[in-house]
Amino acid sequence: MGSSTNELVELISNIKFIEKTYDMMRIVDPVNKKILEYVENIITETDITCHSYWNKESVCDNCVSLRAYKENDVFIKIEYYNEKIYMVSAIPVTVGDITVIIELFKDVTNNMAVVKKDKGVEVDIHGIINHVDILLFKDHLTGVYNRRFIDERLPVDIINKSVHGQKLSLIMADIDLFKNVNDRYGHLAGDFILKEISDVLASCIRTGKDWVARYGGEEFLISLPKADNNKAVEIAERMRKKIEDSVFKFGDINIRVTTSFGVHTLADNDNSSISTVINFADANLYRAKEAGRNRVMSSL
């Protein structure tokens, strides 16, 4: 596999901690469609094709690893096999003259309704899955990503940070005194504000690089790959100011709200768990709340 094999082995060793978050992690040669075996710090090529896992004789039409390889970006797809639904994340890794794809598998069957044959009628489960592929990750109220997307995508961002030696910053945002909006104007107004705030947050990030997800209630998580602490604070401050200056019109009612932000930038050698890095951002959000709300607090 060339002179870069040792570097690749070291890299894989450094990110093995992420494997426990998934049902399976495998390494794929995207060109030859072969599975690479990683045992005791040694990578060897096997005769097993990647699509054989799905009991297919030819390459998958929706080969997510090939797409990840060609476009040098992360892609996620849904597969249906043996009455189970799997979410597959494909992450391209290039070390020297070697490019492999790290695939992360998670069984999400319990999160989705599996459609079966009924009275001899063949159901196009693949068509249904393709339709819900995006919906699976979207929060139905706000239109931004949901908690499931955080669980799937944040580990990918952390792996990319380790692989490419790049920065990664997180922002935790929370609408100040949101309960007062619901109590004073009603829950429909509260839902409206959640949607409007989501739109503001999404308008302040880089399309195709960053992402916004609803963490829960009136709290949002923003991931900023390649952004250092100064850049993340700048983006959070832009979000804060834009929300503070906005008047949200719900029917005949004008509503003003503010939002607090906690920023955390992962250290270069940070191999913390997903929950740990989120907790760091959340702790800084709590500091912003304690300091009077409507402000940005960071770890640095």
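Basis of the calculations
Residues numbered from 1 in each chain as written. Predicted model: local features only at pLDDT ≥ 70, side-chain atom pairs only at ≥ 80, totals over all residues. Heavy atoms only, no water. Salt bridge = Lys/Arg side-chain N within 4 Å of Asp/Glu carboxyl O. Helix = DSSP H or I, 4+ residues; strand = E, 2+ residues; numbered from the N terminus. Buried < 20%, exposed > 50% of the residue type's maximum accessible area, 1.4 Å probe, protein only. Pairing = 2+ DSSP bridges. Axes fitted to C-alpha atoms, helices over the stretch in contact; angles between N-to-C directions. Contact = heavy atoms within 4.5 Å.

1. Quick word on the pattern of salt bridges
For the structure shown, the criterion picks out 19 salt bridges. With its nearest N and O atoms 3.1 Å apart, the salt bridge here joins K167 to D268. Of this pair, K167 sits in the loop between α4 (147-164) and β7 (168-175) while D268 is found in the loop between β12 (259-265) and α8 (274-290), placing the two residues 101 residues apart along the sequence. Using a relative accessible area of 35% as the deciding quantity, one classes K167 as partly exposed. Given the relative accessible area of 60%, D268 is considered exposed. For K289, the salt bridge is made with D176, and the minimal N-O distance between the two is 2.6 Å. On the criterion of sequence distance, the pair formed by K289 in helix α8 and D176 in the loop between β7 and α5 (178-185) is long-range, its members being 113 residues apart. Accessibility expressed as a relative area gives 5% for D176, which makes it buried.

2. Description of the environment of G216
Locating G216 in the fold gives a position in strand β8 (residues 211-216). With 77 residues separating them in the primary sequence, G216 and D139 have C-alpha atoms 9.9 Å apart.

3. Digging into the sheet that holds strand β4 (residues 75-81)
Taken in spatial order, the 6 strands make up an open sheet running β3-β2-β1-β6-β5-β4, and their pairing is antiparallel. The open sheet is flanked by β3 (42-49) and β4, the only strands paired with a single partner. Strand after strand, the sheet turns through a mean of 35 degrees between neighbouring axes, direction not considered. The sheet contact formed by strand β1 (residues 24-29) and strand β2 (residues 34-39) spans 3 bridges and is antiparallel. Within β2, the position partnered with V28 by the bridge is I35. The sheet contacts of α4 involve β5 (84-95) and β6 (98-107), and relative to β5 the element is tilted by about 15 degrees.

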